[in-house]
Amino acid sequence: MAAHSRPVSAVVAVLSLFRKVRHKRQRLSVAEKSRSPHDEARTPPCEGPCSRLPITPSPQRSIYFLSPQDHPVRLGPEFFDQPAVALARALLGQVLVRRLADCTELRGRIVETEAYLGPEDEAAHSRGGRQTARNRGMFMKPGTLYVYIIYGMYFCMNVSSQGDGACVLLRALEPLEGLESMRQFRSSLGKGAAGRALKDRQLCSGPSKLCQALAIDKSFDQQDLATDGALWLERGTPEAAVVAAARVGIGRAGQWVHKPLRFYVRGSPFVSVVDRTAEQTQA
DNA sequence: CCAAGGATAATCT
DNA sequence: GATTATCCTTGGT
């Protein structure tokens, strides 16, 4: 245990490691600040007039969480406890709500999803039963979020479903409320500031676009969509006109590439990719 | 069409 | 530990 007896080279190595780690930390914190100014908003204190916590549906039916039809507004744990395909379909029409640190609420109606079935699904991160620190959320209880970074700069948001390693990717929203905040998040986080204002349909029409628009980042990974204070789901209008199409962006996944595991609201201008062929075969 | 971005996981020594 | 190929995307030609 005599530290002073270690070879000098080992001490030097340790010191240089510390230096590297510190540099990396600094780079990360700078990147986070420039990229996502509302990071700390994930678990907002929200004291004052806007504090309506807890948001979880309470047994004694608070008026805040009941729709005019006397249904709880917030979707609870039981909603997420269904197989991936069923959940992917059921999510269409539901409303995703994001509350920022300043208690601003952003709302978007889900219009496009993709189901990832688990170990047998060659396009899923859980293919072959792979379970890592990154995709742990896929294996956690239904309703758990799996948020990951893609292409080094974007986030994708998944909701765990029933079934080991199965989940649903949220691909597009119809913006309902807080459009100006969404526009800001989308343009300030984008590249050059030279761009003009984004059209409404450009705000959330893609898995990473919706994450940008709602300021959803890695801090939401493994959080519970049924109980989280900054992100939740509200019951919307059920959607009947649903198109089933092949999933997007999955390269070599064999036969899984063609399976109709993407679902979207027919005719919605807020969908990221429309599949005319699929629409024709599904009159 | 293509390049940007960096974390991640597989594949090595 | 180090190296490399990949990636559930997007925005701009």
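Residues numbered from 1 in each chain as written. Chains lettered and ligands numbered in written order. Predicted model: local features only at pLDDT ≥ 70, side-chain atom pairs only at ≥ 80, totals over all residues. Heavy atoms only, no water.

- Going by what an unreviewed UniProt entry lists, chain A is known as DNA-3-methyladenine glycosylase and is assigned to Chrysochloris asiatica.
- Annotation of chain A in UniProt includes, under Sequence similarities (unreviewed entry), the sentence "Belongs to the DNA glycosylase MPG family."
- According to its UniProt record, chain A has this under Function (unreviewed entry): "Hydrolysis of the deoxyribose N-glycosidic bond to excise 3-methyladenine, and 7-methylguanine from the damaged DNA polymer formed by alkylation lesions." (UniProt positions renumbered as here; feature names shortened; annotations may be inferred.)

Side note on the overall build of chain A
Consideration 1: When helices and strands are tallied, chain A shows eight helices and eight strands.
Consideration 2: The buried share of chain A, taken over its 283 residues, is 43%. (Helix = DSSP H or I, 4+ residues; strand = E, 2+ residues; numbered from the N terminus. Buried < 20%, exposed > 50% of the residue type's maximum accessible area, 1.4 Å probe, protein only.)

With respect to the protein's contact with DNA strand C
Consideration 1: In the neighbourhood of DNA strand C, 22 residues make up the surrounding shell, with H125, Y148, R186, G249 and R252 lying closest.
Consideration 2: Sugar and phosphate atoms constitute 63% of the interface atoms of DNA strand C, taking the interface as everything within 4 Å of the protein.
Consideration 3: A distance of 3.1 Å separates a base nitrogen of DNA strand C from a polar atom in the side chain of Y148.
Consideration 4: Interatomic distance of 2.9 Å between a side-chain N/O atom of R186 and a phosphate oxygen of DNA strand C.
Consideration 5: Sorting the residues of the surface near DNA strand C by element identifies β3 (145–150), β4 (154–160), β5 (167–177) and α7 (207–213) as the ones contributing at least two each.
Consideration 6: Taken together, the residues that form the surface near DNA strand C break down as 13 nonpolar, five polar and four charged. (Near = heavy atom within 4 Å. Polar contact = N/O pair within 3.5 Å; in protein donor to acceptor, adjacent residues only side chain to side chain. Nonpolar A, V, L, I, M, F, W, Y, C, P; charged D, E, K, R; others polar.)

Some thoughts on the nonpolar core
General note: in soluble globular proteins, nonpolar side chains tend to be found buried as a group.
Consideration 1: Formed by 57 residues in total, the largest nonpolar core has its most connected members in L96, M157, L170, I216 and L233.
Consideration 2: A per-element tally of this core places β5 first, with five residues.
Consideration 3: Excluding anything up to four places from it in sequence, M157 contacts L96, L145, Y146, V147, V168, L169, L170, L210, C211, I216 and L231. (Core = buried A, V, L, I, M, F, W, Y, C linked by side-chain atoms within 4.5 Å. Contact = heavy atoms within 4.5 Å.)

Focus on the packing of aromatic side chains
Consideration 1: With the rule as written, the count across this model stands at two aromatic pairs.
Consideration 2: Here the aromatic rings of F79 and F80 are separated by 5.3 Å at their centres, their planes lie at 85°, and the arrangement is edge-to-face.
Consideration 3: Exposure remark for F80: the relative accessible area of 0% places this residue in the buried category.
Consideration 4: The positively charged end of R134 is found above the aromatic ring belonging to Y148, 5.7 Å away from the centroid. (Phe/Tyr/Trp six-rings, centres within 6.5 Å; stacked < 30°, edge-to-face > 60°. Lys NZ or Arg CZ within 6 Å of the ring centre and 35° of its normal.)

So, the protein's contact with DNA strand B
Consideration 1: In the vicinity of DNA strand B, eight residues are found, and the nearest of them are R130, T132, Y151, G152 and M153.
Consideration 2: Put simply, 58% of the atoms of DNA strand B that lie within 4 Å of the protein are in sugar or phosphate.
Consideration 3: R130 places a side-chain nitrogen or oxygen 2.8 Å from a phosphate oxygen of DNA strand B.
Consideration 4: The side chain of R134 places a nitrogen or oxygen atom 3.3 Å from a sugar or linking oxygen of DNA strand B.
Consideration 5: A class-by-class count of the residues in the surface near DNA strand B yields three nonpolar, two polar and three charged.

Details of the side chain of E114
Consideration 1: Relative to the assigned elements, E114 resides in strand β2 (residues 105–116).
Consideration 2: Judged by relative accessible area, which is 0%, E114 ranks as buried.
Consideration 3: Of the polar contacts made by the side chain of E114, one reaches the side chain of Y116; its length is 2.7 Å.
Consideration 4: The residues contacting E114, other than those within four sequence positions of it, are A88, C167, V168, L169, R171, R247, V248, L261 and R262.

Notes on the pairing of β3
Consideration 1: With six bridges joining them, β3 and β4 adopt antiparallel strand pairing. In the sheet register, I150 faces β4, and the bridge partner there is Y154.
Consideration 2: Hairpin connection of β3 to β4: three residues between the antiparallel strands, including Y151 at a positive phi of 55°. (Pairing = 2+ DSSP bridges.)

Re a nonpolar patch on the surface
Consideration 1: A surface patch of nonpolar side chains, about 360 Å² in accessible area, is lined by Y151, M153 and Y154.
Consideration 2: For Y151, the location among the structural elements is in the loop between β3 and β4.
Consideration 3: Overall, the relative accessible area of 66% leaves Y151 in the exposed class. (Patch = residues over 30% accessible without salt bridge, like charges linked within 9 Å, V, L, I, M, F, W, Y side chains within 5 Å. Areas by Shrake-Rupley, 256 points an atom, 1.4 Å probe, with all protein chains shown as cover. Salt bridge = Lys/Arg side-chain N within 4 Å of Asp/Glu carboxyl O.)

Structural notes on helix α3 (residues 84–91)
Consideration 1: Inspection of α3 places A84, L87, A88 and L91 among the buried residues, and these make up the whole buried set. The arc that holds the buried residues of α3, viewed along the axis, is 100°, so those residues lie on one side.
Consideration 2: Contacts made by the buried residues of α3 are with α2 (77–80), β2, β4, β5, β6 (231–234) and β8 (262–265).
Consideration 3: Once α3 finishes, G93 follows within two positions and takes phi at roughly 95°, a positive value. (Arc of directions from axis to C-beta.)

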